[in-house]
Amino acid sequence: MHVYAGRDPATGKPRRVRRTCATEAKAAQEPANLLRDAEAERLPDDSATFGVVLDRYLEVADLEVSARVNHESYIRRIIRPVLGDVRVRKIGPDSLDALHSHLKKCGRLPKVEHHAEGVHECDERCGPFRDHRTPQPHVCDKRCRPHECRPLAKASIVKVHAIISAAMSLAVRYDWIDRNPAERATPPSPGKREPEPPSPKAAAWLLNHVWHFDEEFGLFLWLAMVTGARRGELMGLRESRFDFELLEVRFSRNFLVRDGQRFEKAPKAGAGRTVALDSLTGTLR
């Protein structure tokens, strides 16, 4: 659902405060909250919620396609359900540290907190974050199982914190708040990932096995081994980016699929790069 929130003074385009509700019961409570947020967005005051800040952040943030999809996913699954209805001036470092502590123990918000035998009327415990949502009498099955905690990866908690911090920085620039509380919160250290590449013997066996059945895929695998390129960069390669005289290949695009749509964008590092090829690779074209 969405409500009209006036027009943007710069572009003249209409602004709308949007919210997605997972249950019918939740949707019945949302109109009043949306109207309040619409009023706060026109003239930010103490009633402005963090949900308003998140909406504006997604509206103005300059994000690549994949980054935007990830941001929207974290906001929808974790940030908005916890902080979306909280007044932005009420969020402090202690609130964010509490969120970090919860995510270290369980990366999923409470889901189905009940199980029952026989027929019963569903309520909020049957959702809203699961597909098991029905107002009809039903017999419980495994989807009604009690919630089991699973810690969220530290790197993901750092991403959640970074999104909150970026949204709060936007609120500071707009004079909606005086200070960014995320700067005084303490997210966990993501740590270092320890790569586990295959041994030279295992890599040689794999390459020979693949080459025996499919030479084109074997060549693709060989190129991945000798260049160390990311999967999306390899998928974005075109013949015109090879220079067999200089024995070089240019990685300038990254291919990805999001929500069934195919995109080409700049590489993850931002700028393209040129990688030297050995003489053997130059003869395999």
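Description of the structure in this document. (Residues numbered from 1 in each chain as written. Predicted model: local features only at pLDDT ≥ 70, side-chain atom pairs only at ≥ 80, totals over all residues. Heavy atoms only, no water.)

### Points about the environment of Gly218
Next, step 1: Relative to the elements of secondary structure, Gly218 occurs in helix 7 (residues 215–227).
Next, step 2: For the pair formed by Gly218 and Leu207, sequence separation is eleven residues and the distance between their alpha carbons is 6.2 Å. (Helix = DSSP H or I, 4+ residues; strand = E, 2+ residues; numbered from the N terminus.)

### Comments concerning the nonpolar core
Next, step 1: Grouped together as the largest cluster of nonpolar side chains are 31 residues, with contacts concentrated most on Phe50, Ile79 and Ile164.
Next, step 2: Counting only elements with at least two residues in this core, the list comes to helix 2 (50–60), helix 3 (65–83), helix 4 (93–105) and helix 5 (154–173).
Next, step 3: Considering each element in turn, this core owes the most residues, eight residues, to helix 5.
Next, step 4: In contact with Phe50, not counting residues within four places along its chain, are Ile79, Leu83, Gly84, Val86, Val88, Ile91, Ile164, Ala167 and Met168.
Next, step 5: Counting eight residues, the second-largest nonpolar core is a separate cluster that includes Leu223, Ala229, Leu234 and Val275. (Core = buried A, V, L, I, M, F, W, Y, C linked by side-chain atoms within 4.5 Å. Buried < 20%, exposed > 50% of the residue type's maximum accessible area, 1.4 Å probe, protein only. Contact = heavy atoms within 4.5 Å.)

### Describing the sheet that holds strand 6 (residues 248–251)
Next, step 1: Spatial strand order, 5-6-9: three strands in an open sheet with antiparallel pairing. Each edge of the open sheet carries a strand with a single partner, namely strand 5 (242–243) and strand 9 (273–276).
Next, step 2: Bridge count for strand 5 against strand 6 is two bridges, and the pairing is antiparallel. Bridged to Asp243 within strand 6 is Glu248. (Pairing = 2+ DSSP bridges.)

### Thoughts on a nonpolar patch on the surface
Next, step 1: Together, Trp205, Leu206, Met225 and Val226 give the surface a local cluster of nonpolar side chains, amounting to about 370 Å² of exposed area.
Next, step 2: Structurally, Trp205 is set in helix 6 (residues 200–213).
Next, step 3: With relative accessibility at 56%, the residue Trp205 sits in the exposed group. (Patch = residues over 30% accessible without salt bridge, like charges linked within 9 Å, V, L, I, M, F, W, Y side chains within 5 Å. Areas by Shrake-Rupley, 256 points an atom, 1.4 Å probe, with all protein chains shown as cover. Salt bridge = Lys/Arg side-chain N within 4 Å of Asp/Glu carboxyl O.)

### What about the pattern of salt bridges?
Next, step 1: Counted by the stated rule, this structure contains four salt bridges.
Next, step 2: Here Asp55 and Arg80 are joined by a salt bridge, their closest N and O atoms 2.8 Å apart. Here Arg80 lies in helix 3 and Asp55 lies in helix 2, a separation of 25 residues in the sequence.
Next, step 3: Residue classification places Asp55 among the buried residues on the basis of a relative accessible area of 17%.
Next, step 4: For Glu233, the salt bridge is made with Arg273, and the minimal N-O distance between the two is 2.8 Å. Residue Glu233 is located in helix 8 (residues 231–235), and its partner Arg273 is located in strand 9; the two are separated by 40 residues in the primary sequence.
Next, step 5: One network of salt bridges, in which partners are shared, links Arg230, Glu233 and Arg273.

It is worth stressing that arrangement in space is one thing and function is another; only the former is reported here.
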